[in-house]
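Working through the structure, step by step
What follows is each chain in one-letter form.
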2 protein chains.
Amino acid sequence: MTPAALERSQSWLGQADLRPTRQRLALASLLVGDGQNRHVTAEGLHDAVLGTGDRVSLATVYNTLRAFCEAGLMQEVTVDGSRSYFDTRVDDHPHFYMEEDGSLMDAPSAEFHIQALPDVPDGYEIAKVDVVIRLRKIA
Amino acid sequence: MTPAALERSQSWLGQADLRPTRQRLALASLLVGDGQNRHVTAEGLHDAVLGTGDRVSLATVYNTLRAFCEAGLMQEVTVDGSRSYFDTRVDDHPHFYMEEDGSLMDAPSAEFHIQALPDVPDGYEIAKVDVVIRLRKIA
DNA sequence: CTATGTGCAAATCTTTTGCAGGCTA
DNA sequence: TAGCCTGCAAAAGATTTGCACATAG
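We now turn to the structure provided with this report. (Residues numbered from 1 in each chain as written. Chains lettered and ligands numbered in written order. Predicted model: local features only at pLDDT ≥ 70, side-chain atom pairs only at ≥ 80, totals over all residues. Heavy atoms only, no water.)

1. Some points on the pairing of strand 2 (residues 75–80) of chain B
Residues and elements named next belong to chain B. The buried fraction of strand 2 is high, at five of six residues. In terms of strand pairing, strand 2 meets strand 3 (residues 83–87) through four bridges, oriented antiparallel. Across the sheet, the residue bridging to Val77 is Tyr85, located in strand 3. Linking strand 2 to strand 3, which pair antiparallel, is a turn of two residues. (Buried < 20%, exposed > 50% of the residue type's maximum accessible area, 1.4 Å probe, protein only. Helix = DSSP H or I, 4+ residues; strand = E, 2+ residues; numbered from the N terminus. Pairing = 2+ DSSP bridges.)

2. Details of the pattern of salt bridges
All names here are of chain A. For the structure shown, the criterion picks out 16 salt bridges over all chains. Between Arg38 and Asp34 there is a salt bridge; the shortest N-O distance is 2.7 Å. Among the residues examined, Arg38 registers a relative accessible area of 26% and is labelled partly exposed. Judged by its relative accessible area of 41%, Asp34 falls in the partly exposed class. A single salt-bridge network, built from bridges that share partners, covers Arg89, Asp91 and Asp106. (Salt bridge = Lys/Arg side-chain N within 4 Å of Asp/Glu carboxyl O.)

3. With respect to unusual backbone geometry
Apart from glycine, the bulk of residues carry a negative phi angle, and the bulk of peptide bonds sit in the trans form. Residues and elements named next belong to chain A. In this model, Asp17 sits at a positive phi of 55°, which is unusual for a non-glycine residue. In this structure, Asp17 sits in the loop between helix 1 (3–15) and helix 2 (22–32). A residue is classified by how much of its surface remains accessible, and Asp17, at 72% relative accessible area, is exposed.

Below you can see the structure in the form of structure tokens.
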């Protein structure tokens, strides 16, 4: 982990008053160490952290991702019934989902626009609008 | 099951060359017996069929819903990581999801419009655009 | 009769939880 | 030191599967 990545990870955790433990720093540096947005699954992040030589249990990866979401550092994105994805970008934005390999990425939202939303039933308000654009490889 | 519901169920299965077994007819009549669209979970449909007095195993409900999807009679909708929803309406349309009780319904799509979609990465084409409008009860 | 369906129980897969021990502030 | 974290293994929940029996065409 570079010094810059360490510092980013520490301040990211600090924002949410989460203690900078070894495991959290290891995960945070993979998530925000380079300042880029990431979309990960628990399994994928676990593999990635093992790849760096750090040892973090899968249960801790799950618990930590959940803690990051509760702290508002990440958000969960539902695209595939069988797995949860976690996104380091926390505003409401559309996603591309590659059906081919199950990867998820941000769709350029500048070019995306919803012209009109349907009327919401009485007594309800919109919590969030999820847009997932499923992509298929052209044969 | 009314004669009309039976006939609708039979022709629905017939469209897809699925044999009209007792279990499939029982499920189909709950899904399309009255000509309305339905959004169900496997568990919910299983409870419903038991409520009518018919006996269908939960495994068969799962297998049958999957068969209906493969046959193009229904589509799976992903809104909640922990459960699958199945929709009898098979075109691409937006949904309302009530976070409060986990129910799913069609959003009036006439009033819904996407003005511009982001550019799709080279080599890919859009398979489907999923829009889920999450609703929260106003306090 | 033969290929399809069905039911049950067991297997799978992802995610959560209980609890004993470890570590940060 | 006190409370928060972590790891492990076990639990939990949703869905799938193997296999023997049943049934539609």
